[in-house]
Amino acid sequence: MKMTFTIIVTFWFPLLVNAQSFQIDKPAFPIDSLNKVLPTLRDTARINCLNELSRSYFEAIPKMQTDSALSNATKAFEEASAINYIKGLGDACLRLGVISYWHQWNFIESEKNYRRAIFWHQKIQDDNGLGFGFRGLGASFLQQDSVDVAMKAFEQSEIHFRKAGNLVMLADLHDWFSYVFELKGNFEKRFEFAKKGFQEKKRLNDQRGLIWSFFNLAEIYQSVEDYETALDYLRQSILQARKQSVNWKPYRSLGYLFLGMKNYDSSIYYFEEMLRVKPLDGSALAGLGKLYFLRGEYIKAVDYLDKALTIKKKIDPSRGLLVLDDLGKTYVGMKKYANALRYARECLSIAGQTGNKPVLQDAFEIHWLVYQHLKNTDSAYFYYQKFVALKDSLEGAKLRLQNIQQLVLYKSEARDEQQLAKINLLRKDNELKQQQLNEEVLMKKILITSLVLLVSLAAIIFRNIILKRRNEKLRLENELKEQELISERKQAELQKQTSELEMLALRAQMNPHFLFNCLNSINRFILKNETETASDYLTKFSRLIRMVLNNSQHKYITLNEELDCLELYVQMEQLRVKNSFRYKIKCTADIDTEEVLVPPLLLQPFVENAIWHGLMNLPDQQTGKEYGEGNLDIFLQQKDEILECIIVDNGVGRKAASELSKSSTSKYKSMGLQITKERIALLDNEQGENSIAIEDLYDDNGNAEGTKIILRIKYKVTVEKVFS
């Protein structure tokens, strides 16, 4: 959400002002034609021409000429003042407002110019001019983080455009209302106004305005992390811009989009392209800084973020808010806590003034983490409470999830024209094929008729009788075989559906079982008052829960995801038993863990069983060493199309574990291993290649030396792997 906010504030608002600055429903006049006619004009006609020249220079293709635009707007204002031409004064102030906003990035100056434009247009009751004046004033307020005041300005703009009958600009205002509600955290209204704007522009055939509606939709889908759909809409926006000869290359937007997708190479490429066009682009530098922070390359991150902060602070101190946020996080990662605290305090001060709750939340979190590392428990607890309270109050993510279904339904509506074109092409193709088929049938009929004329009537009757009987017999036989095949196919499909439903039920049982075990361990730390260990354990637990919940939605996940989840679980168990055992997870080099697919949470119950019933019962568990004598080895190898998973522990063995379990006073019986065995049994029925072998290990003297579990799985591979 914060990444999207950055793009909106630093890129989208000025882009709209630039492309739709003055008269969105009228194209700019050719500059050469205006310059030729200018010397022949006098008084009001000359002033109108100067204002139009200013607009044409500003919107020039391929490159805007802002100096000429500023010069002509200034001349128009001076000459209009000399003859007291009110409309000329108002239009010149509108032009100066656009230039100070977009070219100079001076939002206080743009606010001043738009207020002057409103003043002059009010004198002659020019509703169209007032509509543009209030719209520019609202944009200036947004850049100064005055969201509520901006909303009132846009509402005034809507009133005047409605009086003027300017339907194109009324549709355009829906996009502005959409962004205001984005900044206010009302995602439902954000989507509602974006949808209205898109539909109105389609109805009015506003091809130029559709550029920004497509971009708006891309922003919405990016905010709910549907990056593929966002990228699709951004491409449609670029194509629409090319059709309308709008010189727009959204390198910065593409950079942030690919950054959200974690496609770092593409993100770097587009940020660098932006810097090639505009070397001192603060947002592109900030994007590269955030990228290198996410990759853990902190020195590079600090370099880019420092440059971005310097540029943004020259424009407006509040402009560097998100950069301060990322700098604080980066210094925490570098363990330079004094620097992190300095940036976090500055971030807290500015975010408190602007009311930016997501950044405030991050600032509280940085303070909490820094004071925790510095062993200042009072301050750490104070900021932790503030962080948790603010985090609970932010309901933006919940609201986005409530609207995801609406967005999915709207996808088809937004692409009606594209789908209709495909349907028309298919219809024409089918008509052509049907025509060819009719011609072939006609030719066959002519040939058959000619042959029939050469055969005698008796032969025809005799042959027809024989063929009729034979065909009837064949038809009956074919119908019988077809019915048998259909019956067998339906039975197989029912069996497969039954297996899938049983597998789904077992996967659903697995999650509560797993959550119960983890929560039991957290409770133990809390009862023992081991706060730091409980915090560390709870952090790992939250990551593990997210992975488990994500993975449980799929029948198969990649082996890499399964091993990540498994390793995090083992680390949690190490914390719980105070590092009383070592572990090792190893795969042979011929296994591509990103391509191999396995059922989720298939290995964890066996590893859990090895730890709880084997390693935890070792007599040297409480020796006080950094690591006890327990060892857990997990080895994966590939044989033909079988994934063989070997889990070995040096615990007390199954026999001793069983005796200890009988003597235990606990009434709880773990269901994880039983559930997993049932899941594997279902996979055996489906694929015929899965098996479990459990082997007790003994030393030379016949003493129990642990347990070995061999699990054989016929794995799947991803679609990309199949095609490669």
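Residues numbered from 1 in each chain as written. Predicted model: local features only at pLDDT ≥ 70, side-chain atom pairs only at ≥ 80, totals over all residues. Heavy atoms only, no water.

### Thoughts on the sheet that holds strand β7 (residues 704-714)
We apply this condition: Here, a strand pair is defined by DSSP locating no fewer than two bridges between the strands. A run of H or I in DSSP counts as a helix once it spans at least four residues, and a run of E counts as a strand once it spans at least two, with each numbered from the N terminus. All axes are obtained by fitting lines to C-alpha atoms, using only the stretch in contact for helices, and the reported angles, taken between N-to-C directions, cover 0 to 180 degrees. We call two residues in contact whenever any of their non-hydrogen atoms come within 4.5 Å of each other.
Ordered in space as β2-β4-β5-β7-β6, the five strands form an open sheet in which the pairing is mixed. A strand with exactly one partner marks an edge of an open sheet, and here the two such strands are β2 (581-587) and β6 (691-698). Each strand axis lies, on average, 15 degrees off the axis of its neighbour in the sheet, ignoring direction. As paired elements, β6 and β7 share eight bridges and run antiparallel to each other. Bridge assignment links isoleucine 692 to a residue of β7, and that residue is leucine 711. Sheet strands in contact with helix α25 (residues 559-576) are β2, β4 (630-639) and β5 (642-649), and its direction is about 175 degrees off that of β2.

### Looking at helix α13 (residues 251-260)
For an α-helix the count is 3.6 residues per turn, leaving residues at separations of three or four pointing the same way. We apply this condition: For the exposure calls, accessible area comes from a 1.4 Å probe over protein chains only, and a residue counts as buried if that area is under 20% of its type's maximum, exposed if over 50%, partly exposed in between.
Burial analysis of α13 places ten of its ten residues in the buried class, which makes it a mostly covered element. Every buried residue belonging to α13 is among Tyr251, Arg252, Ser253, Leu254, Gly255, Tyr256, Leu257, Phe258, Leu259 and Gly260, and all of these are buried. Looking at the residues trailing α13, positive phi occurs at lysine 262, about 60 degrees.

### A closer look at the packing of aromatic side chains
Where we set the bar: Stacked, tilted and edge-to-face are the three classes applied to pairs of Phe, Tyr and Trp rings, where Trp contributes its six-membered ring and a pair requires centres within 6.5 Å; stacked means planes under 30 degrees apart, edge-to-face means over 60, and tilted covers the rest. Placement of a positive charge over a ring is assigned whenever Lys NZ or Arg CZ falls within 6 Å of the ring centre and within 35 degrees of the normal to the ring plane.
Within this structure, the stated rule accounts for 18 aromatic pairs. Relative to tyrosine 384, the ring of tryptophan 368 has its centre 4.7 Å away and its plane inclined at 55 degrees; by these criteria the two rings are tilted. In this pair, tryptophan 368 is assigned in helix α19 (residues 357-373) and tyrosine 384 in helix α20 (residues 377-393), connecting sequence segments 16 residues apart. On the accessibility criterion, tryptophan 368 (15% relative accessible area) is buried. Judged by relative accessible area, which is 34%, tyrosine 384 ranks as partly exposed. Ring geometry for tyrosine 371 and tyrosine 383: centres 5.8 Å apart, planes at 10 degrees, overall stacked. Linking tyrosine 371 in helix α19 with tyrosine 383 in helix α20, this pair joins segments that are twelve residues apart in sequence. The exposure class assigned to tyrosine 371 is buried, which follows from its relative accessible area of 11%. Following the ring pairs from residue to residue traces out a cluster consisting of Phe154, Trp176, Phe177 and Phe193. The lysine or arginine in question, lysine 196, covers the ring of phenylalanine 193, its NZ or CZ lying 5.1 Å from the ring centre. Residue placement shows lysine 307 over the ring face of tyrosine 304; its charged tip is 5.8 Å from the ring centre.

### Examining the pattern of salt bridges
Close approach of charged atoms allows side chains with opposite charge to pair. For clarity, the cut-off: Definition used for salt bridges: Asp or Glu carboxyl oxygen within 4 Å of a side-chain nitrogen of Lys or Arg.
Under the criterion given, the structure shown has 22 salt bridges. In this structure, lysine 329 and aspartate 325 form a salt bridge, with 4.0 Å as the shortest nitrogen-oxygen distance. Of this pair, lysine 329 and aspartate 325 both sit in helix α17 (residues 321-333), separated by four residues, roughly a single helical turn. For lysine 329, a relative accessible area of 22% translates into the label partly exposed. Across the pair arginine 712 and glutamate 644 runs a salt bridge, and its minimum N-O distance is 3.4 Å. Residue arginine 712 is found in strand β7, and its partner glutamate 644 is found in strand β5; the two are separated by 68 residues along the sequence. Several salt bridges converge on common partners, so that one network encompasses Lys87, Asp91 and Asp126.

### Side note on a negative patch on the surface
Applicable threshold: Patch membership is restricted to residues that have no salt bridge and whose relative accessible area is over 30%. Joining uses 9 Å for like charges and 5 Å for the nonpolar side chains Val, Leu, Ile, Met, Phe, Trp and Tyr. Using a 1.4 Å probe, accessible areas were evaluated by the Shrake-Rupley method; residue-level cover was limited to the displayed protein chains. Counted charges follow a simple rule, with Lys and Arg positive, Asp and Glu negative, and His plus the chain ends left uncounted. All charge positions are set by atom: Lys at NZ, Arg at CZ, Asp at CG, Glu at CD.
Together, Glu561, Asp564, Glu567, Asp592 and Glu594 line one region of the surface with negative charge. Here glutamate 594 is to be found in the loop between β2 and β3 (596-598). You can call glutamate 594 partly exposed: its relative accessible area is 44%.

### Quick look at the confidence of the model for the chain
For clarity, the threshold we go by: pLDDT expresses, on a scale from 0 to 100, how confident the predictor is about each individual residue.
The predicted model of the chain has a mean per-residue pLDDT of 77, with 77% of residues at 70 or higher. Within the chain, helix α1 (residues 2-19) has the poorest average pLDDT of any element, 40, and β2 the best, 92. Long-range and interchain partners of residues 404-417, a stretch whose pLDDT sits below 50, account for 26 contacts in this model, where long-range means more than four residues apart. Here residues 419-423 is modelled with pLDDT under 50, and outside its nearest four sequence neighbours on either side it reaches zero contacts, counting other chains as well.

### Remarks on the packing of helix α6 (residues 107-123) against helix α7 (residues 127-143)
What counts, and what does not: Here is the rule for angles: anything less than 35 degrees is roughly parallel, anything more than 145 is roughly antiparallel, 65 through 115 is roughly perpendicular, and the remaining ranges are oblique. Left-handed describes a crossing whose near helix is turned anticlockwise from the far helix through less than a right angle; right-handed describes the clockwise counterpart. Note on residue categories: nonpolar means Ala, Val, Leu, Ile, Met, Phe, Trp, Tyr, Cys or Pro, charged means Asp, Glu, Lys or Arg, and polar means any other residue, Gly included.
Axis separation between α6 and α7 bottoms out at 8 Å; the angle between their running directions is 160 degrees. The angle between the axes of α6 and α7 places the two elements in the roughly antiparallel class. Here α6 runs over α7; the crossing is left-handed. Counting all contacts with α6, which are made through Phe107, Ser110, Glu111, Tyr114, Arg115, Ile118, His121 and Gln122, the residues of α7 involved are Gly129, Leu130, Phe132, Gly133, Phe134, Gly136, Leu137, Ser140, Phe141 and Gln143. Here the residues of the contact of α6 with α7 are counted per class, giving eight nonpolar, eight polar and two charged.

### Comments concerning the sheet that holds β3
Strand order in the open sheet formed by three strands is β1-β3-β8, with antiparallel pairing between adjacent strands. Both edges of this open sheet fall to β1 (557-558) and β8 (716-717), since each of them pairs with a single strand only. Both β3 and β8 contribute to a ladder of two bridges, which runs antiparallel. Looking at the pairing, leucine 597 lines up with lysine 716 of β8.

### So, unusual backbone geometry
One non-glycine residue, aspartate 43, adopts positive backbone phi at about 55 degrees. Aspartate 43 gets classed as exposed once you look at its relative accessible area, which sits at 52%. Positive phi values are uncommon outside glycine, yet asparagine 205 reaches one of about 55 degrees. With respect to the element layout, asparagine 205 can be found in the loop between α10 (187-203) and α11 (207-223).

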